[in-house]
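# A look at the structure
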Amino acid sequence: MKDIKNNTVWLLLLSLIGLTGVLPVSTRAADPVLTTVAEVRALTAAEAGKHYPVKLKGVVTFYDDGLFLRFIQDDTAGIYLNVTNALALKPGQLVEVEGVTDPGEFAPVVKPTTVKVVGTANLPVAKPVTLQELLSGAEDSQMVQISGEVRAVRYDNSMGNYFLEVVMGGERFTAYSRKLPVADPEQLVESEVKVRGVCSTLFNRLRQLFGFRLLVPREADLVIERPAPPDRKSVV
C-alpha cells in the first residue's frame, strides 16, 4: 500500500513537470545572490522586477534622505538605494547592504532590507566624462568628474543645499552641494569649476532621460579652475 502511495506522488510530480516544464517552487533551486553592483545594473527592468536577492559591500558616495538621494558604489559600479526608512548615512562610510533588486524608474536599483555600517573607505576616483556620456544615461549613479562655468548659485534653507547652475558644452545642469569652497557664493558666479559627484539622471514616466544633476559629496569636490573676472556682470 505504501509503495502505491509513493508511486502516485511521483506520477503527479512528473505530470506537473510535463505540463509546466518547471519544478514546483518548493523544489526549485534558490535564486542566485547578486554580489556586485555591476550584476544588478546588467539586469533588464523585467529581470530586476523578479526581486533577486542582493548582498553588496560598497562605500556611500552621496546620501540625503530629505532629497531622496541615496547612492553607494563598489569596485564595479555605483547604484541607487531605494530605502523606505531613514538612515543616517554619510559619504565615505563602508556599508554592507542586503536586499532585493527592483526595476527602479530609470535603471535597476536595490531595495535594502538591512544596511550595516562596517567602517570607512575612500570615495571612488571620479571618472572624467563627456557631456554626451552624461546625456546617454550610461553614467547614472556613477562618481564622475566634469568642468563647466557657474552661472548662478542659490541656497535652499529647507533642503540645506547650495544649488549651482553650471553650463558645460551648451548644456545647463545643477550641482548640489552642502558646502562651497568660498565664503561668498557670489564669488563662484562666472568662475570655471571642476565638479566631482554622483551623476543623478532626470527622467520621465516612460523611463526616458531628459537631463542630469551632479551630487557633490564633499567641499573638496568643488574645485575652482578659473576664478570669476573681477569686472564680471551677473549672468542668469
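Throughout what follows, the structure given in this document is the object of discussion. (Residues numbered from 1 in each chain as written. Predicted model: local features only at pLDDT ≥ 70, side-chain atom pairs only at ≥ 80, totals over all residues. Heavy atoms only, no water.)

What follows is about the overall build of the chain. Check the secondary structure of the chain and you find four helices and 12 strands. Residues classed as buried in the chain amount to 42% of the 236 residues present. Here the chain displays about 13,100 Å² of accessible surface, and carbon together with sulfur accounts for 55% of that area. (Helix = DSSP H or I, 4+ residues; strand = E, 2+ residues; numbered from the N terminus. Buried < 20%, exposed > 50% of the residue type's maximum accessible area, 1.4 Å probe, protein only. Areas by Shrake-Rupley, 256 points an atom, 1.4 Å probe, with all protein chains shown as cover.)

A few words now on the side chain of Ser141. Topologically, Ser141 is positioned in the loop between helix H4 (131-136) and strand E7 (143-156). Discounting chain neighbours no more than four positions away, the residues touching Ser141 are Arg41, Phe71, Gln73, Gly78, Ile79, Tyr80, Val198 and Cys199. (Contact = heavy atoms within 4.5 Å.)

With that settled, the discussion passes to the environment of Val182. Looking at the element boundaries, Val182 is found in the loop between strand E9 (171-177) and strand E10 (192-203). Each C-alpha atom, one on Val182 and one on Ile224, is 9.4 Å from the other, the two residues being 42 residues apart in sequence. In contact with Val182, not counting residues within four places along its chain, are Gln187, Leu188 and Ile224.

So, about the nonpolar core. Ile146, Val153, Leu164, Phe173, Leu180, Leu188 and Val195 are the most contacted members of the largest nonpolar core, which totals 24 residues. Among the secondary structure elements, those contributing two or more residues to this core are H4, E7, strand E8 (161-168), E9, E10 and strand E11 (209-216). Ignoring any residue separated from it by four or fewer positions in sequence, one finds Leu180 in contact with Val153, Tyr162, Leu164, Pro185, Leu188, Glu219 and Leu222. The next biggest cluster of nonpolar side chains, apart from the first, holds 19 residues, and it includes Leu34, Val40, Leu43 and Ile72. (Core = buried A, V, L, I, M, F, W, Y, C linked by side-chain atoms within 4.5 Å.)

Taken together, the 10 bridges between strand E4 (residues 93-102) and strand E5 (residues 109-120) define a ladder with antiparallel strand orientation. Within E5, the residue paired with Glu96 across the bridge is Lys116. Hairpin connection of E4 to E5: six residues between the antiparallel strands, including Gly104 at a positive phi of 70°. (Pairing = 2+ DSSP bridges.)

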